[in-house]
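Listed here are the chains, written in short residue letters.
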Amino acid sequence: MLPTPKIVEVQNNLPYSCIVRFELKDPMSVDWVYYAVTSVMDGEAVLKLSKKYIFQALGKHERSTISFAVDALPLKEGEKEIVLSLWSMKDNKNGTVVQQKLKTNNVQKLGKYDTRFSFKKDSGFAPEQIAAYQEKFRFLLPLVEKVYGKSALPATIEIGRTQRIELYVPSRNTLSLKDETENLVHEWIHAQRKQLLFACDKNWCYDENTEMMEEMFAMGASVEVIHLAMQSEEGKVFFPPNKRHNSILGWDYDFRINKNLITTNLQSSQGGMELDLERYQLVQVAYEKLNVAYQQAHQGYFSHTFNTVYYALLEQDQNLRPTKELFYQIIEQLLPKVEGLPARKWLDQQELFDCRILKGVKTWMYAYNYFLHSEYICNLKFYLYETFENGSEWAQGKKLHSLNKEKLQIKITNLSSGTTHFNSTLPLTPSVNPPDYQNFSSVRINLTTKEVLADSYLIQLAKYNYDYDNRIQTINLSIQESGLYQIEIHNATHNVTQKYYRILGNTVQENRGCLFIAFPHLKKGRVSIRHSRMEGVIEGAFDNYLYIVKAGFCGMTDEVRNIRHSLPGTVYIDLKDEAGRVLQQFVRNIDLGNQDGSYMFLCE
């Protein structure tokens, strides 16, 4: 006789979602577990019905149904109850059917529920690990609810162990964690919305067009929770001081925004050239900028209020789906202006929320900064890649990325002095076509403010990070001359060009903890600068496209967290001509900056 599934938990959050968990003795004795949703409370009749609202097969190791909602069911008008049926199958023979009645309108409100966690019986965690996690949950719960709000739906989140990627799975309402978690709060933020993530509707109809918006909250709100935690002695046990959790790209955010960030596929390169990681880091900065604007205009927390509005709209219209337009409308309601611009225009200018597939060959430069005791190193990685019709940079069906035998012309010019420091056409290496899995060819240029010597840190860094197999072509270049640099990348075969700006040279090392402002289209002028949380105005003249603020709201010391940082708030920059007439105003919302509390603004 086949084992009969035993229902152990019914997470009936209909009309929004329903998940039923069950147990099964001797699962290896069956081939499948089936479940169906019908209007019939009769096990034998269910097996004979040719038309079922839902009919789904589960693997023998699975212990829950997949989330479903009422708008996936062809309900009869006024139908207030449905029936879920479970049974096992072996060699096309059905076992005993177990049934459960479900109300079709069981949850009336959203965002009003306590968050509950439960470890799977076979979670794989040792008892002491579970106890440690439970203590962390206890401490973090009020902080998560303060920043992000209560749980969207009244359902327990089931936790299991993973050695791979930590992940919240909405369709199962499960959270996979490592022995020592690196990403708990991020995934918890996702889990607070349950099956109502902004990247899917209540039927778990996934939409890549809104994934970036969902990840913006997970990246940004999780850091906000961690920063609150670090303000208490207990929090410092879980999140030790002297470690930064804000985006490493926040301080030079302006220099990284370009149209090659546009995508409908956040994971487009699958880590092969780190373009997906760049998007994750940049969207966290976008959250910080929105949050700073909200904190200055209102009391409370930006993401908490966003969820309140979002849930209210879902309650009013159960057929409402999260879309980019809905995201924009809620942001506009909360923040009419961001960094001096109408919210919609500002969101468009970030390029992160433009959910389109821009097909074709492109170039991209990834910049990573190292601040040593007496040396500044900027590691640049240059790529040539193609976006396919499916939004992927890696593959579409049998068609793989195949630009590994191309060449890139790279030109590095100091606009301040007019000196060209590098201008050469270089082959992309490795050149295997089609490439190894996710192996995007690149050219690496390491820039340092020191002389390049055989025993210099730059050489050791290059060997450690990239040249371990001598495949990657790497140029080590000493750039001590300070100024605003223009970096042009060009591929003649496909006639594609990309232009970037960077502030380089000894000035970056000598002015750590300062504010750098670049004006690429105005060589000389005057500026006046003020900070929303400080009195007074900083005024001065600039030459050669670059102005440096050496005192004020950057490079501050935080004794509590034992870090240097900038003062979060809004910076107003008035650009003037040499006669003192205001030409343009630039506004920037800032958070902590880099490890020295520095910021770099690009004012175009």
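Just so we're clear, the structure is a prediction, and the values are computed from it rather than from any experiment.

With respect to the sheet that holds strand β8 (residues 117-119)
If you walk across this open sheet you meet the four strands as β8-β9-β11-β10, and the pairing is mixed. One side of each edge strand has no neighbouring strand; the edge strands of this open sheet are β8 and β10 (167-169). Sheet twist, expressed as the mean angle between neighbouring strand axes with direction ignored, is 25 degrees. Direction of pairing for strand β9 (residues 157-161) relative to strand β11 (residues 174-177): parallel, over a ladder of four bridges. Counted as the bridge partner of Ile159 is Leu175 from β11. Contacts from helix α2 (residues 127-148) reach β8, β9 and β11 within the one sheet, and its direction differs from that of β8 by about 175 degrees.

A few points about the environment of Asn433
Within the fold, Asn433 resides in the loop between β19 (419-427) and β20 (442-448). Here Asn433 falls in the partly exposed class, since its relative accessible area comes to 27%. Considered as a pair, Asn433 and Gln267 are 166 residues apart in the sequence and their alpha carbons are 22 Å apart. Residues in contact with Asn433, not counting those within four places in the same chain, are His401, Ser402, Leu403, Asn404 and Lys405. A polar contact of 3.4 Å, which involves the side chain of Asn433, links it to the backbone oxygen of Ser402.

A look at the pairing of strand β24 (residues 515-518)
Of the two faces of β24, both are covered, the one formed by Leu515 and Ile517 as well as the one formed by Phe516 and Ala518. As defined by bridge partners, β24 adjoins strand β27 (residues 546-549) across four bridges and the pair is classed as antiparallel. Paired with Ile517 across the two strands is Tyr547, which belongs to β27.

Here's the deal with the pattern of salt bridges
Enumeration over the complete set of coordinates arrives at 27 salt bridges. Salt-bridge contacts for Glu233 lead to Lys236; the nearest nitrogen and oxygen are separated by 3.3 Å. Taken together, the residues span about one helical turn, with Glu233 and Lys236 both in helix α5 (residues 233-238) at a distance of three residues. We classify Glu233 as exposed; its relative accessible area is 61%. Among the residues examined, Lys236 registers a relative accessible area of 19% and is labelled buried. One salt-bridge network, in which partners are shared between bridges, spans Asp252, Arg256, Glu278 and Arg502.

Quick look at the state of the cysteines
Summed over the entire model, instances satisfying the criterion amount to zero disulfides. In this structure Cys18 is not part of a disulfide, and its nearest cysteine sulfur, from Cys200, lies 16 Å away. You can call Cys18 buried: its relative accessible area is 0%. Cysteine Cys378 remains unbridged, with the sulfur of Cys514 as its closest cysteine sulfur at 18 Å.

Here's the deal with α2
The terminal C-alpha atoms of α2 lie 30 Å apart, and with 22 residues this matches the ideal 32 Å at 1.5 Å per residue to within 8%. Of all bends in α2, the biggest is about 40 degrees, found at Leu140, and the proline Pro142 comes one to four residues later. The set of residues buried in α2 consists of Ile130, Tyr133, Lys136, Phe137, Phe139, Leu140, Leu143, Val144, Glu145, Val147 and Tyr148. Within two residues after α2, Gly149 carries a phi angle of roughly 100 degrees, on the positive side.

Overview of the packing of aromatic side chains
Per the stated rule, a full pass over the model turns up 37 aromatic pairs. On the basis of an interplanar angle of 35 degrees and a centroid distance of 6.4 Å, the ring pair of Phe119 and Phe137 is categorised as tilted. Residue Phe119 is found in strand β8, and its partner Phe137 is found in helix α2; the two are separated by 18 residues along the sequence. Ring-pair connections join several aromatic residues into one group, and the members of that group are Tyr148, Phe198, Phe217, Tyr287, Tyr294, Phe302, Phe306, Tyr310, Tyr311, Phe327, Tyr328 and Phe353.

Conventions and cut-offs
- Residue indices follow the written sequence of each chain, beginning from 1 at its first position.
- Since the coordinates come from a predicted model, pLDDT governs what is reported: local features require at least 70, and pairs of side-chain atoms require 80 or more to be given and counted, while whole-chain, interface and lining totals use all residues.
- Excluded from the side-chain calculations are hydrogens and water; all other atoms, namely the structure's heavy atoms, are used.
- Pairs of strands are assigned from DSSP output, requiring at least two bridges between the strands.
- Where helices and strands are cited, they refer to DSSP runs of H or I of at least four residues and of E of at least two residues respectively, numbered from the N terminus.
- Here, axes are lines fitted to C-alpha atoms. For helices the fit covers the stretch in contact, and angles between N-to-C directions go from 0 to 180 degrees.
- In what follows, residue pairs with any heavy atoms lying within 4.5 Å of each other are defined as contacts.
- With a 1.4 Å probe rolled over the protein chains alone, any residue whose accessible area is under 20% of its type maximum counts as buried; one over 50% counts as exposed, and the rest are partly exposed.
- A 3.5 Å cut-off defines polar contacts: any pair of N or O atoms within that distance qualifies, except that in protein one atom must be a possible hydrogen donor and the other a possible acceptor, and neighbouring residues in sequence count only when both atoms are side-chain atoms.
- Salt bridge criterion: a side-chain nitrogen from Lys or Arg within 4 Å of a carboxyl oxygen from Asp or Glu.
- Any two cysteine sulfur atoms lying within 2.5 Å of each other are counted as a disulfide.
- Under the convention used throughout, the expected extent of a helix is 1.5 Å for every residue step, that is, one less than its residue count.
- Note that bend, as reported per residue, equals the angle between axes fitted to the 7 residues terminating at that residue and the 7 residues originating from it.
- Between the rings of Phe, Tyr and Trp (Trp by its six-membered ring), a pair exists once the centres lie within 6.5 Å; its type follows the angle of the planes, with under 30 degrees stacked, over 60 edge-to-face, and the other angles tilted.

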